[in-house]
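Residue-level structure breakdown
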Amino acid sequence: MKSRIKSKILDNFVMKLVSVLIAFVLWLVVMNVSDSMITVKIKGIPVQQKNGAALEELDKVYDVAKGDTVDIVVKGRRSIVEGLDVDDFIATADLSTMSITNTVQITVTSKNGGIRDEISITCVDNVMRLNLEEKISLQYSVKVKTIGNAKSGYAVCGYQTSPNIITIEGPKSAVEKVTEVDVKVDVNNASSAIDLEGAIVLYDAYGDEINNDKISVSQETVKVHVDIYPTKEVPVEVDIKGTPREGYTMSEVLYQPQTVNIAGEPSDLEDIEKIVVNDVYISGMDSDLETAVTLKDYLPDNVYLENAGEEVVITVGIEKLVSKVIVLTAEDISVLQKTSNKDYYLELSDDFVVVITGLDSTVEEITIDKLNPKIFSKDMSIGTHNDVQIDLTEIDGITYEIKGTAKLTISAK
């Protein structure tokens, strides 16, 4: 029995062995074809920065100029490499090893330790380049900006912030771009003092908001107390002081606004009927004056303007005086208050004239009819009256000088 089994095993043994060897070779070929070595490129792996505190200890701040992501080439068997992507790798840059050229080597490893020996990783560019800059800190006062409007008849009159100064720290070029630090608070429909809290917002010189994660502020929010008082409308008056240069006169005074709203406690507003600007001087001037004054300067400390910082813009016209000579005859002068039993005879000297002085536009329009020269004779007795007074109609902005003499003779009929 044993001999038969042995005979069957040994029968065609060589052929059987060859078959096994061929099958094994075929298996190796199939495995090598289906799971061959391949190369895959993976792009955009984020680079994690380590030991950044080493630079901060030098009072330096940094920014990544190049190398915040890295591309790699991975080589390995298809069954391992084909399914790999960005999330399977970790890239790091140790900033404490930065060279004198401000560069740091990037290293990339597989997150799966089981395949690290099965693949090779090559970085396309394994260098991170940094921009280093001096770190500074500056202090800024906090400005309050309101959202909305107080209730009709009320006004926002002041603010107090806590704190009122904050410190901004970061790269010199970034911190120095900050020109204003604001906090916004909503006062819509408010009619009494309110306490709020708002977030700090940074602005540059163009009024654009600054968002820079390299900048840190000492206070993210501040508390704001807002004073709100009732308002009252009052007129504005301008009282010009002084006299222009000789030969010139003030022609007009224009100003805006002519009314403003003031705010405060009702008891403080009660006695204020107007705001008088009385310190604008034109002494010795020979040309127009344009100026602006802050109305707050003319109010008590406990009274406010609804529009804080509001100014009145004043224009004072100053023009050169001109003169015109009008020659009068006796026929041009009316003798008034005559009685029927007397005769009246008016005689003027040969050089009798009226010199009119004023603004060119006004003087040009003056005529004898507008002057309406006249003599009042009611209290004059019979006889000759030398140097009688000639009365002329008063015209705003015009002065008269009468040259020559007038003689009125009154006789009985």
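Residues numbered from 1 in each chain as written. Predicted model: local features only at pLDDT ≥ 70, side-chain atom pairs only at ≥ 80, totals over all residues. Heavy atoms only, no water.

**Considerations on the side chain of Thr357**
Within the element layout of this structure, Thr357 appears in strand β23 (residues 353-358). Separated by 3.0 Å, the side chains of Thr357 and Ser323 make a polar contact. Among residues more than four places away in sequence, those in contact with Thr357 are Leu321, Val322, Ser323, Val363, Gly397, Ile398 and Thr399. (Helix = DSSP H or I, 4+ residues; strand = E, 2+ residues; numbered from the N terminus. Polar contact = N/O pair within 3.5 Å; in protein donor to acceptor, adjacent residues only side chain to side chain. Contact = heavy atoms within 4.5 Å.)

**Topic: the layout of surface pockets**
Taken as a whole, the largest pocket encloses approximately 220 Å³ of empty space. Lining the largest pocket are 14 residues, and of these Glu133, Pro171, Ser173, Ala174 and Asn212 lie nearest its centre. Mapped by element, the contributors of at least two residues to the lining of the largest pocket are β2 (60-66), β7 (127-147) and α5 (172-175). Of all the elements, β2 adds the most residues to the lining of the largest pocket, at 3 residues. Split into classes, the residues belonging to the lining of the largest pocket amount to 6 nonpolar, 3 polar and 5 charged. (1 Å grid on protein atoms, 1.4 Å probe; cavity = no way out; pocket = protein on both sides within 12 Å on 5 of 7 lines; lining within 4 Å. Points joined across faces, edges and corners; volume = space filled by probe spheres on them. Nonpolar A, V, L, I, M, F, W, Y, C, P; charged D, E, K, R; others polar.)

**Brief notes about the pattern of salt bridges**
For the structure on display, the rule yields 10 salt bridges. Across the salt bridge formed by Asp182 and Lys145, the nearest N and O atoms sit 3.0 Å from each other. Remark: Lys145 occurs in strand β7 and Asp182 occurs in strand β10 (residues 180-186); sequence separation between them is 37 residues. Residue class for Asp182 comes out buried when judged on its relative accessible area of 0%. Residue classification places Lys145 among the partly exposed residues on the basis of a relative accessible area of 36%. A salt bridge links Asp239 to Lys241; its shortest N-O distance comes to 3.1 Å. Overall, Lys241 belongs to the partly exposed group, its relative accessible area being 30%. Here the salt bridges share partners, and the residues they tie into one network are Lys143, Lys145, Glu180 and Asp182. (Salt bridge = Lys/Arg side-chain N within 4 Å of Asp/Glu carboxyl O. Buried < 20%, exposed > 50% of the residue type's maximum accessible area, 1.4 Å probe, protein only.)

So far we have only geometry, and geometry alone does not tell us how the molecule works.
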